[in-house]
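Structure assessment
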Amino acid sequence: MSDNDGQRFDRLPATEAERDVEGRATREEVVDYFADRFGIPSEAFDDYTFWEKGAGKIWVYGGEASTPLEIEAIGMTCLRTRQEHWKPTTDFVQRFGRAATDCVIDLEPAEARRFAAGEDQEIERWDGDWGYLIAVHDIGVGPAGRPEGDGEPVDRGEREPIGVGLYVHGELRSMVPKGRQRDLES
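Predicted model only: the values in this text are computed from it and were never measured.

Attention shifts here to helix α3 (residues 109-116). Those residues of α3 lying buried are Glu 111, Ala 112, Phe 115 and Ala 116. An end-on view of α3 places all buried positions within 130° of arc, on one side of the element. The inward-facing, buried residues of α3 contact β6 (104-106), β7 (121-122), β8 (131-139), β9 (158-168) and β10 (171-174). Positive backbone phi, approximately 90°, marks Gly 118, located one or two places after α3.

Here is the structure:
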């Protein structure tokens, strides 16, 4: 077995049989995790490669590149794997979360605002698995046919991923990073 080099990107091995760094996730495990946990079809990742830099920080890249790579970044971070429970990133959820069918919690407008602000909140109606969820809300135009805030109008009822939440004991904890939290109160 080789050692992990935290200063470079290494492409994830396709399968466990191809693994040469102990503890490194495989492409198959990552794609299966997103399919099993969130219902994101494996085909969503056909044009993407997965990379690890450091211990368990997984990146997704829309394309091909030689491995290893000694660069600062490639694509975007998508998953943290070398911890007890794998955790998707906010960037990943906002990019791929529309394809999710499982472990998705639809938030009411007031709940979505609190979530985006980084607030934890009691939500008893969730009857799915505990753990990491994709928090979404419906976006659309206001009653006068215009956007309720800045931006372009969109189709009413279009589900938009906000970020990752951690649901335990009836509480939804916002995992929106501090630098991305927003106060959306009008």
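The side chains of a regular strand alternate, residue by residue, between the two faces of the sheet. On strand β2 (residues 49-52), burial covers both faces: Thr 49 and Trp 51 on one face and Phe 50 and Glu 52 on the other are all buried. Hairpin connection, β2 to strand β3 (residues 57-61): the antiparallel pair is bridged by four residues, and Gly 54 has positive phi, about 80°.

Think of an α-helix as 3.6 residues a turn; residues three or four steps apart then line up on the same face. For helix α1 (residues 27-38), spanning 12 residues, the distance from its first C-alpha to its last is 16 Å, which sits close to the expected 16 Å at 1.5 Å a residue. Of the residues making up α1, those classed as buried are Val 30, Val 31, Tyr 33, Phe 34, Arg 37 and Phe 38. The arc enclosing the buried residues of α1, seen along the axis, measures out at 150°, which places them on a common side. Within two residues after α1, Gly 39 carries a phi angle of roughly 70°, on the positive side.

Here we come to the sheet that holds strand β5 (residues 87-88). Across the sheet, five strands lie side by side as β1-β2-β3-β4-β5; this open sheet has antiparallel pairing. Looking at which strands have only one partner, the edges of the open sheet turn out to be β1 (10-11) and β5. With four bridges joining them, β3 and strand β4 (residues 76-80) adopt antiparallel strand pairing. Across the sheet, the residue bridging to Lys 57 is Arg 80, located in β4.

Below, the discussion takes up the sheet that holds β8. Spatially, the five strands line up as an open sheet ordered β6-β8-β9-β10-β7, and their pairing is mixed. Of all the strands in the sheet, just β6 and β7 have a single pairing partner and so form its edges. Pairing of β8 with β9, which is carried by nine bridges, proceeds in the antiparallel orientation. Paired with Ala 135 across the bridge in β9 is Gly 163. Packing of α3 onto the sheet brings it into contact with β6, β7, β8, β9 and β10, and relative to β9 it is tilted by some 65°.

Here we come to the nonpolar core. Of all hydrophobic cores here, the largest spans 40 residues; its most connected members are Phe 34, Phe 50 and Leu 107. Secondary-structure elements contributing two or more residues to this core are α1, β3, β4, α2 (90-96), β6, α3, β8 and β9. With residues up to four places along the chain from it excluded, the contact list for Phe 50 reads Asp 10, Arg 11, Leu 12, Arg 27, Val 30, Val 31, Phe 45, Ile 58, Trp 59, Val 60 and Cys 78. Membership of the second largest hydrophobic core comes to five residues, among which are Trp 51, Trp 59, Leu 69 and Ile 74.

This brings us to the packing of aromatic side chains. How two aromatic rings sit relative to each other is set out by the distance from centre to centre and by the angle between their planes. As enumerated under the stated definition, the model contains 12 aromatic pairs in all. Aromatic pair Phe 45 and Phe 92: ring centres 6.1 Å apart, planes at 20°, arrangement stacked. Here Phe 92 lies in helix α2 and Phe 45 lies in the loop between α1 and β2, a separation of 47 residues in the sequence. An identical accessibility class is assigned to Phe 45 and Phe 92; each is buried. Ring centres of Phe 92 and Phe 96 lie 4.9 Å apart, and the angle between their planes is 25°; on these two criteria the pair is classed as stacked. Of this pair, Phe 92 and Phe 96 both sit in helix α2, four residues apart, which is roughly one turn of that helix. Judged by its relative accessible area of 5%, Phe 96 is buried. The rings of Tyr 33, Phe 34, Phe 38, Phe 45, Tyr 48, Phe 50, Trp 86, Phe 92 and Phe 96 are connected pair by pair, giving a single aromatic cluster. The side chain of Arg 37 reaches across the aromatic face of Phe 38, ending 6.0 Å from its centre.

Rules of the game
- Residues numbered from 1 in each chain as written.
- Predicted model: local features only at pLDDT ≥ 70, side-chain atom pairs only at ≥ 80, totals over all residues.
- Heavy atoms only, no water.
- Buried < 20%, exposed > 50% of the residue type's maximum accessible area, 1.4 Å probe, protein only.
- Helix = DSSP H or I, 4+ residues; strand = E, 2+ residues; numbered from the N terminus.
- Arc of directions from axis to C-beta.
- Contact = heavy atoms within 4.5 Å.
- Pairing = 2+ DSSP bridges.
- Expected span 1.5 Å × (residues − 1).
- Axes fitted to C-alpha atoms, helices over the stretch in contact; angles between N-to-C directions.
- Core = buried A, V, L, I, M, F, W, Y, C linked by side-chain atoms within 4.5 Å.
- Phe/Tyr/Trp six-rings, centres within 6.5 Å; stacked < 30°, edge-to-face > 60°.
- Lys NZ or Arg CZ within 6 Å of the ring centre and 35° of its normal.

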